[in-house]
Amino acid sequence: MKKRSLLFVVLVLGIRIASAQSDVVEFIKTGPENASKLMEAYLNPYALALGDGLNNGWYYTAETHERFGFDFSMSVSAVRILESGKTFDLSQLGLQNIAFDPSNSIAQTIAGSGFSGPEIAVLDPNSLQDTLTSFLSPEGVGMDIVPIPIAQLGIGLLPHTDILIRYVPKLRFSQDGDQAEDVRVGLIGLGAKHSFKDWIPGLKALPFDAAVFGSYSAIDANSGINFQLSDYGVNPPSDYVPDENQELKIKTNTMKLGLIVSKKVAILTFFGSIGHSQSKTTVDLLGRYPVITEVGVGKVVVEDEVDPIHMNFESSQLSLDAGVRMKLSFFNVFASISKAEYTSLNAGIALSVR
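Source: prediction; values computed, not measured. (Residues numbered from 1 in each chain as written. Predicted model: local features only at pLDDT ≥ 70, side-chain atom pairs only at ≥ 80, totals over all residues. Heavy atoms only, no water.)

(A) Expanded view of the layout of surface pockets. Counted as a void, the largest pocket has a volume near 220 Å³. In the lining of the largest pocket, the residues fall into 2 nonpolar, 4 polar and 7 charged. (1 Å grid on protein atoms, 1.4 Å probe; cavity = no way out; pocket = protein on both sides within 12 Å on 5 of 7 lines; lining within 4 Å. Points joined across faces, edges and corners; volume = space filled by probe spheres on them. Nonpolar A, V, L, I, M, F, W, Y, C, P; charged D, E, K, R; others polar.)

In structure tokens form, the structure reads like this:
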């Protein structure tokens, strides 16, 4: 499958969602309303995990740099998908004009196993007897732990304040040499950490560091689509003009605000934080897509649906982080655990000049 060719490359999660388009677009056969419900259930675990992963790994101490001090870190966040997020029940979605075996209604989400789900039949809405088309619910990618690579630069520009930057220009990845279905992914993030102890009388002498933190990040992923009447196994009418500009767009915006506290013990620094983590992922299926509404002897009736899918996945959670850093000369090794919508781990290494 195409969606297996991009595993473990830059910005893994965004790519994995976008590259699943070759199967997810099958849902459009059920019509826009049903397709929205099916795509939402299928993509939901990764959409929420993407927000949690991007909000992780911003810091490993409450201490800030001296002016023009800096660190460059590389880390990986691993977000664990719960068992309940690996499947969904077709019978609970309120689908219309759809038939499936009620004894076999459990389908895989994108985080589920690499096996196709139950057969979904699209019924003629006029008779509810004739089948317009049918297909198998798409398989998952077989990954319940989602890795998100992160590269970050932190610079001390203002007193007691670090500016944190994440940036990856929009990169293009070819899928099996088909440029029309290339995946393009980019990332930008900006954060700030401010140590406030010196500004509050009585806090400066306390034996720990404390800082407030805020960040914003965004990831864009888009992929070309090629979904035509031939995907139904029928010959298109002679006057039918296919759309060559179909596209799946995914965008995630995240914000995080919080309080960080850390304590040095020899070469180790223990840190923890409490705050608020927020994310929003939008999924848009753009372009013109054929939907068969009637099949008869010698005829196929097609209705084109334009920009048929727009979905939002939102999360707003209390965020708790805890971790440890080990300082080795100019290098730091760090690891942390974070709890928001999901539980995620982060570990990495940083070059640091205070």
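Resuming the write-up.
(B) Examining the pattern of salt bridges more closely. Tallied over the entire structure, the rule returns 8 salt bridges. Measuring nitrogen to oxygen at the nearest pair gives 2.9 Å for the salt bridge that ties Glu83 to Lys86. Glu83 sits in the exposed class, given a relative accessible area of 59%. Its salt-bridge partner being Arg288, residue Asp304 comes within 2.9 Å of it at the nearest N-O pair. (Salt bridge = Lys/Arg side-chain N within 4 Å of Asp/Glu carboxyl O. Buried < 20%, exposed > 50% of the residue type's maximum accessible area, 1.4 Å probe, protein only.)

(C) Local environment of the nonpolar core. Ranked by size, the top nonpolar core spans 55 residues in total, and within it Phe27, Ile28, Met39, Leu43, Tyr46, Val283 and Leu285 carry the most contacts. By residue number, the principal contributor to this core is helix H3 (residues 32-54), which donates 12 residues. Apart from residues lying up to four places away in sequence, Met39 is in contact with Val24, Phe27, Leu248, Val283, Ile309 and Met311. With 11 residues, the next largest nonpolar core counts Trp58, Tyr60, Ala62 and Ala350 among its residues. (Core = buried A, V, L, I, M, F, W, Y, C linked by side-chain atoms within 4.5 Å. Helix = DSSP H or I, 4+ residues; strand = E, 2+ residues; numbered from the N terminus. Contact = heavy atoms within 4.5 Å.)

(D) Region of the structure containing the pairing of strand S16 (residues 331-339). Of the two faces of S16, only the one carrying Asn332, Phe334, Ser336 and Ser338 is buried; Phe331, Val333, Ala335, Ile337 and Lys339 on the other face are not. Note: strand S15 (residues 309-328) against S16, 9 bridges, orientation antiparallel. Bridging from a neighbouring strand, Met326 pairs with Val333 of S16. In sequence, S15 turns back onto S16 through a hairpin of 2 residues, with Ser329 there showing a positive phi of about 55°. Sheet analysis places S16 next to strand S17 (residues 343-353), joined by 9 bridges and oriented antiparallel. Paired with Ser336 across the bridge in S17 is Asn346. Once S16 ends, the chain turns through 3 residues before running back antiparallel as S17. (Pairing = 2+ DSSP bridges.)

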